[in-house]
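Descriptive structure summary
Here's the letter readout for the chains.
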Amino acid sequence: MENGADAKGSLIKNEAVRLREISPGFFGVMIDNPPFNLIDSQVFDGLKAVKSFAEDSRNAVRVLVFESANPEFFGAHLDLTAGDHGGSGHEVSEPTEIVQEWPAFSYWLSTTPVVSIALLRGRARGFAFAFAAAADMRFASKQNTLLCLPEVGFGAFPGGGGIEWAQLRAGRARAMEFLLGSDDLDGDTAELYGLVNRSMDDGELDEFVYTLGRRIASFTPASIAAVKNGLTKLQPVPSPEEMAGTLAVAGALQSSEEGQAAGMRVMAKAGGVPFSRAVELDLPRLCDAD
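Everything numeric in this text was worked out from a predicted model, so none of it was measured. (Residues numbered from 1 in each chain as written. Predicted model: local features only at pLDDT ≥ 70, side-chain atom pairs only at ≥ 80, totals over all residues. Heavy atoms only, no water.)

Description of the pattern of salt bridges
Summed over all chains, the structure comprises 14 salt bridges. The partner of D206 in a salt bridge is R121, with the nearest N and O atoms 3.2 Å apart. One end of the pair, D206, is in helix α7 (residues 202-217); the other, R121, is in strand β5 (residues 115-125), with 85 residues separating them in the sequence. Salt bridges sharing common partners tie together D183, D282, R285 and D288. (Salt bridge = Lys/Arg side-chain N within 4 Å of Asp/Glu carboxyl O. Helix = DSSP H or I, 4+ residues; strand = E, 2+ residues; numbered from the N terminus.)

Focus: the nonpolar core
Ranked by size, the top nonpolar core spans 54 residues in total, and within it L64, L120, F131, L147 and L195 carry the most contacts. When residues in this core are grouped by element, the largest group, seven residues, is from helix α3 (residues 127-134). When neighbours within four sequence positions are excluded, L120 is seen to be in contact with F74, A132, R138, F139, A140, S141, N144, T145, L147, V196 and L205. (Core = buried A, V, L, I, M, F, W, Y, C linked by side-chain atoms within 4.5 Å. Buried < 20%, exposed > 50% of the residue type's maximum accessible area, 1.4 Å probe, protein only. Contact = heavy atoms within 4.5 Å.)

Details of the layout of surface pockets
In this structure, the largest pocket spans a volume of roughly 750 Å³. Contributing to the lining of the largest pocket are 28 residues, with L78, L80, E151, A156 and Q254 lying nearest its centre. Looking at the lining of the largest pocket residue by residue, the classes come out as 15 nonpolar, 11 polar and two charged. Estimated volume of the second largest pocket: approximately 400 Å³. In this structure, the second largest pocket is lined by 17 residues; those nearest its centre are D136, V227, K228, L231 and T232. Looking at the lining of the second largest pocket, the elements that each hand over two or more residues are α4 (162-170) and α8 (221-234). Top element by residues in the lining of the second largest pocket is α8. It accounts for six residues. Residue composition of the lining of the second largest pocket, grouped by class: 10 nonpolar, four polar and three charged. (1 Å grid on protein atoms, 1.4 Å probe; cavity = no way out; pocket = protein on both sides within 12 Å on 5 of 7 lines; lining within 4 Å. Points joined across faces, edges and corners; volume = space filled by probe spheres on them. Nonpolar A, V, L, I, M, F, W, Y, C, P; charged D, E, K, R; others polar.)

Some thoughts on the pairing of strand β3 (residues 63-68)
With respect to burial, β3 is a largely interior element, six of its six residues being buried. Residue alternation in β3 divides its side chains into two sets, V63, V65 and E67 and L64, F66 and S68, and both sets are buried. Across six bridges, the pairing between strand β2 (residues 26-31) and β3 is parallel. Pairing of F27 across the sheet is with L64, part of β3. Following the backbone out of β2, through helix α1 (residues 41-55) and into the adjacent parallel β3, one traces a crossover that is right-handed. One ladder, built from four bridges, connects β3 with β5; its direction is parallel. What sits directly across from V63, in β5, is V115. (Pairing = 2+ DSSP bridges. Right-handed = clockwise from strand over helix to strand, strands pointing away.)

Structural notes on a nonpolar patch on the surface
A surface patch of nonpolar side chains, amounting to about 230 Å² of accessible area, comprises L80, M267 and V273. Counting through the fold element by element, V273 comes out in the loop between α10 (257-270) and α11 (277-281). (Patch = residues over 30% accessible without salt bridge, like charges linked within 9 Å, V, L, I, M, F, W, Y side chains within 5 Å. Areas by Shrake-Rupley, 256 points an atom, 1.4 Å probe, with all protein chains shown as cover.)

Things to note about unusual backbone geometry
The omega angle of the peptide bond from P34 to P35 is 5°, so this bond is cis rather than trans. Tracing the sequence through the fold places P35 in the loop between β2 and α1. Here V273 and P274 are connected by a cis peptide whose omega angle stands at 0°. Unlike most non-glycine residues, S182 shows phi in positive territory, near 50°. Secondary-structure assignment places S182 in the loop between α5 (172-181) and β7 (185-186). With relative accessibility at 3%, the residue S182 sits in the buried group.

Printed below as a string of structure tokens:
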């Protein structure tokens, strides 16, 4: 098989994340974790495997595009259930470990010489939004993109990158609306607020992103890295320590008496975990006043 790809055509071994070469230097990362693309340990293990692949100079990775196999969900929140996924016996990190390791991964994504692009189709909420926001560029389907950080509506706090990236991308006032509203923003509004580069007709989205990715990957790696490094110096990105600090705030709020009561109300309204498809599709409604 070409390039060491497995039977599924992936350059890494992971059931929920597939990596393939699109053109020289340009690689696609497909997230496929049905039914909702929850950010669970298997997805995070896959993302870390992509990181390891991209850091190996022998693979000559210049551009990564992240997308979803599920048109309804680019990605959802953290998996709220723990344990063995799929009954495979595969030992995986629990959500607490994902939270602990996330700031370092997010920082790598935004500072590595590799250019990262999020192709947004469907819902990107919670950690999935923070993941997309840490990428260098985001392009959204006009007809089929919803972005949301619902944590405040759940009595919690969007730590670990959510609040940092929201303000960096949108500015303070619009980030305030986004975070405190705890509601979905469509692609056009996300573009207006600076949360995505462009909101495009769904039928044109793939071709545009793939053409851009191939073009960037065809250029000199040193020039690509110099541009990204220069922009980061001009506008620093959130550090792992800063993101770990807001995660600590989130943990304190969730463990408080008021936070636990709010969480219980939301869970009762949802009918418990795992959430149903109807709940996941319209997750911000759990935050609505009764």
